[in-house]
Amino acid sequence: MSVRSQWCEFDKETRKYIKKRDNNRCIFCGNNGALQIAHIFLSRAKGGKGCKENGVMLCIKCHQALDNGKNASLRDQIKQFCRSYLIEKENIIDLSSLMKTLKYDKKNSLIERIIISEEKKEIKPEITFELNTGLSIYFP
């Protein structure tokens, strides 16, 4: 899975949190069968982060209407309802700041990965073996 896909995916703990917060029901129609977590403020297709501030439980029908529905009025109604719901439930005060944190940034992601990999590196002693032939083998 690519780094971008991992960024957009809702991890296990976040999924549990969203299901509990939303009472394991579609927050729009109340259905409790065939549920999915939908990206609300910034879609997965646009690099939206899989986090509790960007996801809600929707049934397949409502999720389909939100993402690909032909009825623009219904799509806007679902989007506005879900946004208002998240603003209230997650106490979102500054929407513009939130939007900046939701977008996948390839450049910053690369920098973060380099920092993390540097932190994970263990300091290993350098070992050199001298063979009877006079050759040395170096192990970093």
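Scroll up to find the structure this text is about.
1. Some remarks on the side chain of Asp 22
With respect to the helices and strands, Asp 22 occurs in the loop between helix H2 (12–21) and strand S1 (35–39). A relative accessible area of 4% places Asp 22 in the buried class. Beyond its immediate stretch of four places on either side in the chain, Asp 22 contacts Ile 27, Val 56, Met 57 and Tyr 85.

2. Focus on the environment of Ala 34
By the element assignment, Ala 34 lies in the loop between H2 and S1. Residue class for Ala 34 comes out partly exposed when judged on its relative accessible area of 48%. Residues Ala 34 and Ile 60, 26 residues apart in the sequence, show an inter-C-alpha distance of 6.1 Å. Setting aside chain neighbours within four positions, we find Ala 34 in contact with Leu 58, Cys 59 and Ile 60.

3. Thoughts on the side chain of His 63
The residue His 63 is located in helix H3 (residues 60–68) in this model. Those residues within four positions of His 63 in sequence are excluded, and the remaining contacts are Gln 36, Ile 37, Ala 38 and Leu 58.

4. Re the pattern of salt bridges
Applying the stated criterion across every chain yields a total of six salt bridges. Note that Lys 16 and Glu 13 form a salt bridge whose closest N and O atoms lie 3.9 Å from each other. Placement of the pair is Lys 16 and Glu 13 together in helix H2, with a separation of three residues, close to one helical turn. The exposed category is assigned to Glu 13, whose relative accessible area is 54%. Ionic pairing is found between Glu 90 and Lys 52, a salt bridge with its closest N-O pair at 3.8 Å.

Parameters at a glance
- Residues numbered from 1 in each chain as written.
- Predicted model: local features only at pLDDT ≥ 70, side-chain atom pairs only at ≥ 80, totals over all residues.
- Heavy atoms only, no water.
- Helix = DSSP H or I, 4+ residues; strand = E, 2+ residues; numbered from the N terminus.
- Buried < 20%, exposed > 50% of the residue type's maximum accessible area, 1.4 Å probe, protein only.
- Contact = heavy atoms within 4.5 Å.
- Salt bridge = Lys/Arg side-chain N within 4 Å of Asp/Glu carboxyl O.

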